[in-house]
Amino acid sequence: DAGVIQSPRHEVTEMGQEVTLRCKPISGHDYLFWYRQTMMRGLELLIYFNNNVPIDDSGMPEDRFSAKMPNASFSTLKIQPSEPRDSAVYFCASSTGLAGVSGANVLTFGAGSRLTVL
Amino acid sequence: SQQGEEDPQALSIQEGENATMNCSYKTSINNLQWYRQNSGRGLVHLILIRSNEREKHSGRLRVTLDTSKKSSSLLITASRAADTASYFCATDAKGFKTIFGAGTRLFVKA
């Protein structure tokens with residue numbers, strides 16, 4: 001498997017523009033996660049999906065952010081309109097789940113999308 | 001807010017020395033994981049320790065967990081320049097909401 005694939009790797013845009021980040025999880029992984037990484041706030045969980053259904057979006061900072069997973073092999077994170085404070089590295093990760101008393105949610109991360117909003 | 005907090009924030013050692021990083025967390029957990037992040041890359045899972053385990057080994061990695069103190073440590077023995085990276089602890093106190101600490105930046109000098 002090629003792992004979790006994210007695109008674009010780098011995006012530079014101007015304030016007010018729409019940004020769409022894309023993710024292809026590992027085949028067979030039922031869980032997909034979007035994280036944001038900044039120096040100030042570290043790694044923040046934005047939203048996660050189970051079987052293409054959003055389960056918890058409490059980490060999504062504002063209504064400007066939205067995420068979708070139309071099928072098991074594709075997810076998008078959209079920011080509209082973008083602002084300079086959205087500049088960060090956005091990671092997608094997937095897992096097979098297995099959380100609970102005997103399991104653990106081991107994540108496989110993509111390489112990230114570095115977003116710069118001018 | 002972050003569940004785990006690592007210390008030190010940064011660590012610089014010579015190749016061949018051991019590196020120890022610590023992680024403290026706030027709430028009860030089912031397990032704790034350590035991840036590594038090389039510059040410009042995504043995080044990579046290193047090792048998992050369950051709440052009923054006290055120590056675990058994997059190659060040059062040794063992880064301990066003290067649930068009474070809500071803390072864990074990651075020891076890398078005989079460090080190499082290739083170990084230069086940031087290391088994060090992660091906990092799953094809230095099911096699938098894996099929460100990461102702030103990370104320790106390790107620099108191994110050749």
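Criteria and cut-off values
Residues numbered from 1 in each chain as written. Chains lettered and ligands numbered in written order. Predicted model: local features only at pLDDT ≥ 70, side-chain atom pairs only at ≥ 80, totals over all residues. Heavy atoms only, no water. Disulfide = S-S within 2.5 Å. Helix = DSSP H or I, 4+ residues; strand = E, 2+ residues; numbered from the N terminus. Buried < 20%, exposed > 50% of the residue type's maximum accessible area, 1.4 Å probe, protein only. Pairing = 2+ DSSP bridges. Axes fitted to C-alpha atoms, helices over the stretch in contact; angles between N-to-C directions. 1 Å grid on protein atoms, 1.4 Å probe; cavity = no way out; pocket = protein on both sides within 12 Å on 5 of 7 lines; lining within 4 Å. Points joined across faces, edges and corners; volume = space filled by probe spheres on them. Nonpolar A, V, L, I, M, F, W, Y, C, P; charged D, E, K, R; others polar. Contact = heavy atoms within 4.5 Å. Salt bridge = Lys/Arg side-chain N within 4 Å of Asp/Glu carboxyl O.

> What should I look at first to understand the state of the cysteines in this one?
Joining two cysteines, a disulfide is a covalent bond between their sulfur atoms. All names here are of chain A. This model, assessed by the stated rule, comprises two disulfides over all chains. Here cysteine 23 pairs with cysteine 92 through a disulfide, and the sulfurs are 1.9 Å apart. Between cysteine 23 and cysteine 92, the S-S torsion sits near -65°, and that sign places the bridge as left-handed. Of this pair, cysteine 23 sits in strand β3 (residues 19–24) while cysteine 92 sits in strand β9 (residues 88–95), placing them 69 residues apart in sequence. Residue class for cysteine 23 comes out buried when judged on its relative accessible area of 1%. Residue cysteine 92 is classed as buried on the basis of its relative accessible area, which comes to 0%.

> What should I look at first to understand the sheet that holds strand β1 (residues 5–7) of chain A in this one?
Strands in a sheet are paired, the pairing made by backbone hydrogen bonds, and the direction either parallel or antiparallel. All names here are of chain A. Spatial strand order, β1-β3-β8-β7: four strands in an open sheet with antiparallel pairing. Edge strands, defined here as strands with exactly one partner in the open sheet, are β1 and β7 (65–71). On average, adjacent strands in this sheet sit at an angle of 15° to one another, irrespective of strand direction. In terms of strand pairing, β1 meets β3 through three bridges, oriented antiparallel. Paired with serine 7 across the strands is arginine 22, a residue of β3.

> So what exactly am I meant to see when it comes to the layout of surface pockets here?
Any space left empty among the atoms is revealed by the rolling of a water-sized probe across them. Space inside the largest pocket adds up to approximately 780 Å³. What lines the largest pocket is a set of 31 residues, among which Gln37 and Met39 of chain A together with Gln37, Ser86 and Phe88 of chain B lie closest to the centre. Of all the secondary structure elements, the ones that give two or more residues to the lining of the largest pocket are β4 (31–38) and β9 of chain A together with β1 (4–7), β9 (85–94) and β11 (104–109) of chain B. Broken down by class, the residue content of the lining of the largest pocket amounts to 10 nonpolar, 14 polar and seven charged.

> It is not clear to me how the environment of asparagine 71 of chain A should be interpreted in this structure. Could you clarify?
As for its position among the elements, asparagine 71 of chain A is in strand β7. Taking the C-alpha atoms as reference, asparagine 71 of chain A lies 19 Å from phenylalanine 91 of chain A; in sequence the two are 20 residues apart.

> Teacher, can you tell me more about the side chain of asparagine 50 of chain A here?
Residues and elements named next belong to chain A. In this fold, asparagine 50 is placed in strand β5 (residues 42–50). The buried category is assigned to asparagine 50, whose relative accessible area is 19%. Apart from the residues within four sequence positions on either side, asparagine 50 is in contact with Asp30, Tyr31 and Ile55.

> Looking at this structure, I do not really get unusual backbone geometry. What am I missing?
What you tend to see is this: most non-glycine residues have negative phi, and most peptide bonds are trans. With an omega dihedral of -10°, the bond running from serine 7 of chain A to proline 8 of chain A counts as a cis peptide bond. In this chain, aspartate 7 of chain B is followed by proline 8 of chain B through a cis amide linkage whose omega measures 0°. With respect to the element layout, proline 8 of chain B can be found in the loop between β1 and β2 (10–14).

> Honestly, the pairing of strand β8 (residues 74–79) of chain A in this entry has me stumped. Any pointers?
The two faces of the sheet receive side chains in turn, since in a regular strand these alternate between them. Residues and elements named next belong to chain A. Relative to β8, β3 runs antiparallel, the two sharing five bridges. Residue pairing in the sheet places arginine 22 in a bridge with threonine 76 of β8. With antiparallel pairing between neighbouring strands as the criterion, β7 and β8 make up a hairpin whose turn holds two residues.

> What is the right way to look at the pattern of salt bridges in this model?
Between side chains of opposite charge, pairing is possible as soon as their charged atoms come close. Residues and elements named next belong to chain A. Using the criterion set out here, one finds 11 salt bridges over all chains in the structure. Across the pair glutamate 18 and lysine 78 runs a salt bridge whose closest N-O atoms are separated by 3.9 Å. Taken as a pair, glutamate 18 in the loop between β2 (10–13) and β3 and lysine 78 in strand β8 lie far apart in primary sequence, 60 residues in all. Glutamate 83 is the salt-bridge partner of arginine 64, the closest N and O atoms lying 3.5 Å from each other. Remark: glutamate 83 occurs in the loop between β8 and β9 and arginine 64 occurs in the loop between β6 (53–56) and β7; sequence separation between them is 19 residues. The exposure class assigned to arginine 64 is buried, which follows from its relative accessible area of 10%. Owing to a relative accessible area of 24%, glutamate 83 belongs among the partly exposed residues under this scheme. Where salt bridges share partners, they join Glu62, Arg64, Glu83, Arg85 and Asp86 into one cluster.

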